[in-house]
Each structure stands twice: as C-alpha cells, then as structure tokens.
Amino acid sequence: MSGKSLLLKVILLGDGGVGKSSLMNRYVTDRFDSQSFHTIGVEFLNRDLEVDGRLVTLQIWDTAGQERFKSLRTPFYRGADCCLLTFAVDDLQSFHNLGCWKKEFMYYSDVRDPERFPFVVLGNKVDKASEREVGEDEARAWCQENGACPYFETSAKDDTNVGAAFEAAVREVLAGEDQLDHALLSSAIDLHGNRKAPRSSCC
Ligand SMILES: Nc1nc2c(ncn2[C@@H]2O[C@H](COP(=O)(O)OP(=O)(O)OP(=O)(O)O)[C@@H](O)[C@H]2O)c(=O)[nH]1
Ligand SMILES: [Mg+2]
C-alpha cells in the first residue's frame, strides 16, 4: 500500500431534490435528514478511503440542482476528476435531464480528454419502489449509450449502494490514470532506457 494519499475531486450533479446532498451526507457523516433544504451554490466534504491498496482523500462537491443557481455552481466544475450524474428513480424528468447535466458539465469543466472523462450514474431513492418511474433496465441502457459508464441504484435513506458508488468513482479515475501512465511510459522510453524512434515530423 502506498503511504501518500491521492486527492480526488468528484462532483455530484443532477436535478434539485434528487438527493445529492443526502448521498454526500450519508457517505461522509452516515446521517440522513428527511427534511433537508435545497443547496444554494456548492458545498464540499472530504472522506479518506482506501481503494485497491491506494489511499485516497475524496473531495465530494455537492452542487445546487435548481436552475436558478446555475451561475453559482458552474465555476466549480473545473478540476473535477469524476462526475456523478444523479437522478431519482421516482422522478422521470430527472432521468430525462441526465443528458443536459452531462452537457453542462462538459461545457464548463473544460476537461482535457472529453472522450475518456469518467462519469458514474446514480439512480437514487430506490427505497421508494412503489413510486418508481424509471426502470433499472432503462437506466442501464442510457449508461450503455453514454460511454458505458457504471450505474448504481442507491438510497441515501437506507444506505443502499452509497459507498459502492463513491468507490466506483475512485476506481474509474484510477483506471484512467493507469491507462495514461501506461501510454506515456510506452511512448517515451522502454524499460532498458532506450528512447523509441521519434515520430516523423515535418518540422
Ligand atoms: N425516500 C428517500 N428520500 C430521499 C433520498 N435521498 C434524498 N431524499 C429526500 O429527498 C429530498 C431532497 O434531497 P436532497 O439531498 O436535499 O436533494 P438535492 O439533490 O441535494 O437537492 P438540491 O440541493 O436542490 O439540488 C429530501 O427531503 C431528502 O430527505 C432517498 O434515498 N430516499
Ligand atoms: Mg442539495
């Protein structure tokens, strides 16, 4: 296990009321408040964890989902390592809006490699089974069509899959970094210290 902790920034996006603050609070403080207030702007909390032998400090940024707070949340998208797109399974509109959230994130985050940026999708409030408006298959199909991102059915209320979802976000980031390290290593230098032939160039 490496002793140095890696700081990762993950950001929760999704419609107002889907449970972003509740998911963050459940994960970091293990509490659930059935009377929570709408978030204004952004808030963040840290939690240390260990994933596959790596020490990680997860910095979770919780944003305000209501449209009127758009200008307060978008400046915080830059520097995110992973984006958790959240909807509530009892709210079809919040599921239909996932694509808008993804676009908004891409526009304001200015990520270096949009094709490879890691997203994780959370279908929250699965404890409200009788009020479901979005099926698990439908949600998984959306994820498949949108970069094959991991999908978790969560309940901040019952603490279902909350830890698993945040850990998956960390794994997605670490997997991307490993790929990048591998690509950089193999393109720059081989194990015996020989430089690979430079790519032909016109200048
Ligand atoms: N039944 C149930 N209710 C939940 C769950 N998660 C959140 N809630 C409730 O849904 C309401 C909204 O939750 P929030 O966490 O404030 O939602 P939000 O996404 O942060 O909303 P904004 O801050 O406006 O963007 C609150 O009354 C929560 O108690 C859940 O998993 N199950
Ligand atoms: Mg909130």
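Residues numbered from 1 in each chain as written. Chains lettered and ligands numbered in written order. Predicted model: local features only at pLDDT ≥ 70, side-chain atom pairs only at ≥ 80, totals over all residues. Heavy atoms only, no water.

Chemist: Explain the overall build of the protein chain here, please?
Modeler: Summing up its helical and strand segments, the protein chain has six helices and six strands in all. For the protein chain, the share of sequence-separated contacts (at least 6 apart) that also reach a separation of at least 24 residues comes to 72%. Roughly 11700 Å² of accessible area belongs to the protein chain as shown, and the carbon and sulfur atoms make up 50% of that amount. (Helix = DSSP H or I, 4+ residues; strand = E, 2+ residues; numbered from the N terminus. Contact = heavy atoms within 4.5 Å. Areas by Shrake-Rupley, 256 points an atom, 1.4 Å probe, with all protein chains shown as cover.)

Chemist: Just to check I follow, could you spell out helix α1 (residues 20–29) for this structure?
Modeler: Given 3.6 residues to a turn, an α-helix orients residues that are three or four positions apart in the same direction. Among the ten residues of α1, seven are classified as buried, and the element is accordingly described as predominantly covered. Taken residue by residue, α1 has Lys-20, Ser-21, Ser-22, Leu-23, Met-24, Arg-26 and Tyr-27 as its buried positions. Asp-30 sits one or two residues past α1 and shows a positive phi near 60°. (Buried < 20%, exposed > 50% of the residue type's maximum accessible area, 1.4 Å probe, protein only.)

Chemist: I'm lost on the coordination of the magnesium ion (ligand 2) in this one. Help?
Modeler: In a perfect tetrahedron of four donors around a metal, the angles come out at 109.5 degrees. In a perfect octahedron of six, they are 90 or 180 degrees. Around the magnesium ion (ligand 2), the protein contributes the donor atoms Ser-21 (OG) and Thr-39 (OG1), which lie 2.0 Å from the metal centre. With Ser-21 in helix α1 and Thr-39 in the loop between α1 and β2 (42–51), this residue pair connects regions lying 18 residues apart in the sequence. Of the two residues examined, Ser-21 and Thr-39, each falls in the buried class. (Donors = N, O, S within 2.8 Å, 3.2 Å for Na, K, Ca; no water.)

Chemist: Sorry, what's going on with the confidence of the model for the protein chain here?
Modeler: With 86% of its residues at a pLDDT of 70 or more, the protein chain shows a mean pLDDT of 90. For residues 195–203, every residue scores under 50 in pLDDT, and the model assigns this stretch four contacts once sequence neighbours within four places are set aside. For this predicted complex, the interface score ipTM comes out at 0.99, while the overall pTM is 0.90. (pLDDT = per-residue confidence, 0-100.)

Chemist: Help me understand the environment of Lys-4 in this model?
Modeler: Mapped onto the fold, Lys-4 is located in the segment before β1 (6–13). Separated by 112 residues in sequence, Lys-4 and Arg-116 have C-alpha atoms that sit 25 Å apart.

Chemist: Hey, could you run me through helix α4 (residues 98–109) in this one?
Modeler: For α4, built from twelve residues, the straight-helix expectation of 16 Å at 1.5 Å per residue is met to within 8% by its first-to-last C-alpha distance of 16 Å. Contact partners of the buried residues in α4: β1, α2 (70–73), β4 (82–88), α3 (92–96), β5 (119–124) and α5 (136–145). At the C-terminal side of α4, Asp-110 shows a positive phi close to 55°. (Expected span 1.5 Å × (residues − 1).)

Chemist: Hey, could you run me through the packing of aromatic side chains in this one?
Modeler: The relation between two aromatic rings is expressed through the spacing of the ring centres and the mutual angle of the planes. The full count for this structure, using the stated rule, is eleven aromatic pairs. Judged by centre distance (4.6 Å) and plane angle (25°), the ring pair of Phe-44 and Trp-61 falls under stacked. Placement of the pair is Phe-44 in strand β2 and Trp-61 in strand β3 (residues 54–63), with a sequence separation of 17 residues. In this structure Phe-44 comes out as partly exposed when scored by relative accessible area, which is 42%. For Trp-61, a relative accessible area of 11% puts it in the buried group. Considering the side-chain rings of Tyr-77 and Tyr-108, the 6.4 Å spacing of their centres and the 85° angle between planes classify their relative orientation as edge-to-face. Of the two residues, Tyr-77 is situated in the loop between α2 and β4 and Tyr-108 in helix α4; the sequence distance between them amounts to 31 residues. Of the residues examined, Tyr-77 reaches a relative accessible area of 0% and is grouped as buried. Feature note: the residues Tyr-77, Phe-105, Tyr-107, Tyr-108, Phe-117 and Phe-119 constitute an aromatic cluster, connected by ring pairs. Above the plane of the ring of Trp-61 lies Lys-9, whose end atom (NZ or CZ) is 4.6 Å from the centre. (Phe/Tyr/Trp six-rings, centres within 6.5 Å; stacked < 30°, edge-to-face > 60°. Lys NZ or Arg CZ within 6 Å of the ring centre and 35° of its normal.)

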